[in-house]
Amino acid sequence: MVEVPAQALQNTLARVPQMGFNNWNATHCRAEFNEAMIKGVADAFVAQGLKDAGYTYVNIDDCWALPQRAANGDLVPDPARFPNGIKALADYVHAKGLKFGIYTSAGTKTCDALGFPGGIGHEQQDANLFASWGVDYLKYDNCGDHLGQSAQQRYTAMRDALKATGRPILFAICEWGSSQPWTWAREVGNSWRTTGDISDSWTSMISIARQNRVLAQHASPGSWNDPDMLEVGNGGMTDTEYRTHFSLWAQMAAPLLIGSDLRTATPQTLAILKNTDVIAVDQDPLGRQGTVVSEQNGLVVMAKPLANGDVSVTLTNETASPATISTSMASVGLAGASSYRLKDLWSKAVTTSSGEISASVPAHGTVMYRVTPTAPVPPATGLHDLARLPWTSATSGWGPVEPDHSNGEQASGDGRVLTIGGTAYTEGLGVHAPADLRWHLGGACRSLTVDVGIDDEVTSTGSAVFRVYRDTTVVADSGRRTAADPPLRLTADLRGGTQLRLVVTDAGDGITRDHADWARPKLACGTGPAAGTHHLGDLPWTSASNGWGPVERDRSNGEQASGDGRALTVAGTTHAKGLGTHAASSVTYYLGGSCSTFRTAVGVDDEVGSNGSVTFEVHVDGAKVADSGRLTGSGPSATLSVPVTGAQELTLVVTDGGDGISYDHADWLTPQLTC
């Protein structure tokens, strides 16, 4: 039996990115941060229509407490700033129909120079105090002495303390990306900071966007990459730049926490913050973070699939001069319809297109479209997590269909991590019999593999039958499955099918507690590379994330700008073809079962001298099949060769060598795929 740890993702919170306010960007630790200000912000939420637009949390940041704990160890609110205490303030916020958040740090001190008490060693005491005050949200920073504990240890301790209070408290990890929290924090918090602190300038904001946008694969409902709070309205950027800021945060499915004083917000600031079309992209229930489609000379296109089959597209001009930015429907994943409706989410103008998306974009500006096909579009070529594809219809016998969570009860997000026979899954769909889920395939897909079973949350009760339909034909049938059964893998041939249906029926004993899981559903669509030997860098990847700047084709990683590396060189040998990456990195290719062998040399690029240490890993269909061991900048390259016959997906992974990610410029040298 695999023990499933207590997880913040089971707290039913942040199924879409959190929205609200935090005072820090507007006030820092100055005297105007006080009870009157926070009450005024709560009033403004209601009076200015921000509550109606979806903003929920009113959060206070550092400097709310006295520099010393009380004799019993409790944190003490500063009586000068908060004369009525924190509970009274939380009660005021709650009376407005809003939620209240607080701040502390995962160390001995908080981050302000005055050094207020941190939470390390006091996790349960502080969590209990926060719960008694009615706190709904905790921002947990990374300052003070860490007492020899890792970030994962410190944040997990607070996760468990919050859970033990019995109060639902959204847990926002503010670790600044120092230990790559996207690799471990999904099981610890509802969001995690991916970067250092933002400041109110174009340079800061766009640099943070670049760092965050490469981490899209790690975001999902209940677990979000956080590029820090909004600066909209603080005066350091133009309204054009603030619109870009807000657009990119929404496109990246980031938390939207207002950082300006709403009591004095201008009409222009409120117009940006209350753009409900842009907010709807951020809050889309499919839970996908937008990914970079193209990036060249400061002109960046991003696409974000939405739950109803639409796609949000941002055209961002990072340069200082106006420019025309163009892309295609095929590039943003919408090929297949005869025409498309484009709504400009800022101007509100509506146009149509047969296949191109193009706009003149001002310097530092962003044009943001919601693109709607006139007919359903089949999935793009690749191996898809079915829970991340928009369905055409879905019914469940008790409560909603739950992406990546079990059925739970009737409220959205109230289930837990999908678990069948002790095996936990991070991807899938939780339903309750009778259930019927449908997707449009349009003849584009080849096969589905999925594990099925009754979720462990119902212990010994529950039984159901799982069936996969290609149009009206049953192509996979589980037979009767009970809560005592282990997961069963189904494989379905979908070739030529226009519709996929996943159907769950009761097994003849009624539908009581028939909590049915479709776990790790992988849909293979389109064909893989053509026959022959390919340089992997010449093929399109289906996803890519990188620890610093973009993944580079035939160049080393360099710095953050695209194309700023040099010829791939390890131990004095230069390679014309390959991929330049930086730990932590992951690049995935769709093979479609058509290839036989993958071979590559690997090493740390000479551009970092003797610095850097990494491990290269090759994963096939989600399983690691080879690794290089620890390689350093002072050592030679290594060679990896793996069979991939029949495989659907190949992923190239780079992890740090155990000493942090500084200088971890990792080269995949002459990587060749034989098909």
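No experiment lies behind these values; they were computed from the predicted model shown. Think of each chain on its own: its residues are numbered from 1, step by step along the sequence as written. Since the coordinates come from a predicted model, pLDDT governs what is reported: local features require at least 70, and pairs of side-chain atoms require 80 or more to be given and counted, while whole-chain, interface and lining totals use all residues. Side-chain measures were taken over the full set of non-hydrogen atoms in the model, leaving aside hydrogen atoms and water.

**A word on the packing of aromatic side chains**
- Each pair of aromatic rings taken from Phe, Tyr and Trp, with Trp reduced to its six-membered ring, is defined by centres within 6.5 Å and is described as stacked if the planes are under 30 degrees apart, edge-to-face if over 60, and tilted in the remaining cases. Counted according to the given criterion, the structure contains 13 aromatic pairs.
- Ring centres 5.1 Å apart and planes at 85 degrees place the aromatic pair Phe466 and Trp518 in the edge-to-face group. Note that Phe466 is positioned in strand S25 (residues 463–470) and Trp518 in strand S29 (residues 515–525), a separation of 52 residues in sequence.
- In textbook terms, an aromatic cluster arises when at least three aromatic residues are bridged by ring pairs, as seen for Tyr140, Tyr155, Phe171 and Trp184.
- Two conditions define a charge located above a ring, namely a distance within 6 Å from the ring centre to NZ of Lys or CZ of Arg, and an angle within 35 degrees of the ring normal. Looking at Arg501, its charged tip hangs above the ring of Tyr469, at a distance of 4.7 Å from the centre.
- The ring of Trp541 has Arg553 lying over it, and the distance from NZ or CZ to the ring centre is 4.0 Å. Every helix listed is a DSSP run of H or I at least four residues long, and every strand listed is a run of E at least two residues long, numbered separately from the N terminus.

**So, the side chain of Asp141**
- By the element assignment, Asp141 lies in strand S4 (residues 137–141).
- For the buried Asp141, no salt bridge exists, and the shortest N-O distance to an oppositely charged side chain is 4.9 Å, to Lys139.
- Contacts of Asp141, omitting those with residues within four sequence positions, involve Tyr103, Thr104, Ser105, Ala106, Cys111, Tyr155, Cys174 and Trp176. A 1.4 Å probe rolled over the protein chains alone gives each residue an accessible area, and that area as a share of the maximum for its type sets the label: buried under 20%, exposed over 50%, partly exposed in between. Positive charge is attributed to Lys and Arg, negative charge to Asp and Glu, and no charge count is given to His or to the chain ends. Salt bridge, as used here, is a side-chain nitrogen of Lys or Arg placed within 4 Å of a carboxyl oxygen of Asp or Glu. Residue contacts are counted whenever heavy atoms from the two residues lie within 4.5 Å of one another.

**Observations concerning the packing of helix H5 (residues 123–133) against helix H6 (residues 151–165)**
- For every element, the axis is a line fit to its C-alpha atoms; helices are fit only across the contacting stretch, and the angle between N-to-C directions ranges from 0 to 180 degrees. Axis separation between H5 and H6 bottoms out at 8 Å; the angle between their running directions is 40 degrees. With respect to H6, the axis of H5 lies oblique. In terms of crossing hand, the pair formed by H5 and H6 is right-handed. Contact residues: H5 offers Glu123, Gln124, Ala127, Asn128 and Ala131, while H6 offers Ala157, Met158, Asp160, Ala161, Leu162, Ala164 and Thr165.
- Only Asp, Glu, Lys and Arg are considered charged, only Ala, Val, Leu, Ile, Met, Phe, Trp, Tyr, Cys and Pro nonpolar, and every remaining residue, Gly among them, polar. For the contact of H5 with H6, a count of residues per class yields 7 nonpolar, 3 polar and 2 charged. Working definition: roughly parallel below 35 degrees, roughly antiparallel above 145 degrees, roughly perpendicular at 65 to 115 degrees, and oblique for all remaining angles. In this scheme the handedness of a crossing depends on how the near helix is turned from the far one: anticlockwise by less than a right angle means left-handed, clockwise means right-handed.

**So, unusual backbone geometry**
- Cis geometry marks the peptide bond from Ala433 to Pro434, where omega comes out at -10 degrees.
- Within the secondary structure, Pro434 is located in the loop between strand S22 (428–432) and strand S23 (435–440).
- Non-glycine residue Ala14 carries a positive phi angle of around 55 degrees.
- Structurally, Ala14 is set in the segment before strand S1 (19–22).

**Quick notes on the pattern of salt bridges**
- On inspection of all chains with the given rule, the structure shows 33 salt bridges.
- The residue Glu318 makes a salt bridge to Arg213 at a minimum N-O spacing of 3.1 Å. Within this pair, whereas Glu318 is found in the loop between strand S11 (311–317) and strand S12 (323–328), its partner Arg213 is found in helix H7 (residues 202–213), the two being separated by 105 residues in sequence. Residue Glu318 shares its accessibility class with Arg213, and that shared class is buried.
- Residue Arg370 is joined to Asp310 by a salt bridge in which the shortest nitrogen-to-oxygen separation is 2.9 Å. Of this pair, Arg370 sits in strand S16 (residues 366–373) while Asp310 is found in the loop between strand S10 (299–305) and S11, placing the two residues 60 residues apart along the sequence.
- Several salt bridges converge on common partners, so that one network encompasses Arg210, Arg213, Glu295 and Glu318.

**Regarding the confidence of the model for the protein**
- The pLDDT score gives, residue by residue, the confidence of the prediction method on a 0 to 100 scale. On average, residues of the protein carry a pLDDT of 94, and 99% of them reach 70 or more.
- Across residues 1–9 the pLDDT falls below 50, and counting only partners more than four positions away or on other chains, this stretch makes 26 contacts in the model.

**Some thoughts on the state of the cysteines**
- Cysteine sulfurs are considered disulfide-paired once they come within 2.5 Å of each other. Counted by the stated rule, this structure contains 4 disulfides.
- Each sulfur of the disulfide joining Cys29 and Cys63 lies 1.9 Å from the other. Since a negative S-S torsion denotes a left-handed disulfide, the Cys29-Cys63 link at about -130 degrees is left-handed. With Cys29 in the loop between helix H1 (24–27) and helix H2 (35–47) and Cys63 in the loop between strand S2 (57–59) and helix H4 (85–95), the pair connects residues that are 34 residues apart, well separated along the chain.
- The buried category is assigned to Cys29, whose relative accessible area is 15%.
- Two residues, Cys111 and Cys143, share a disulfide whose sulfurs are 1.9 Å apart.

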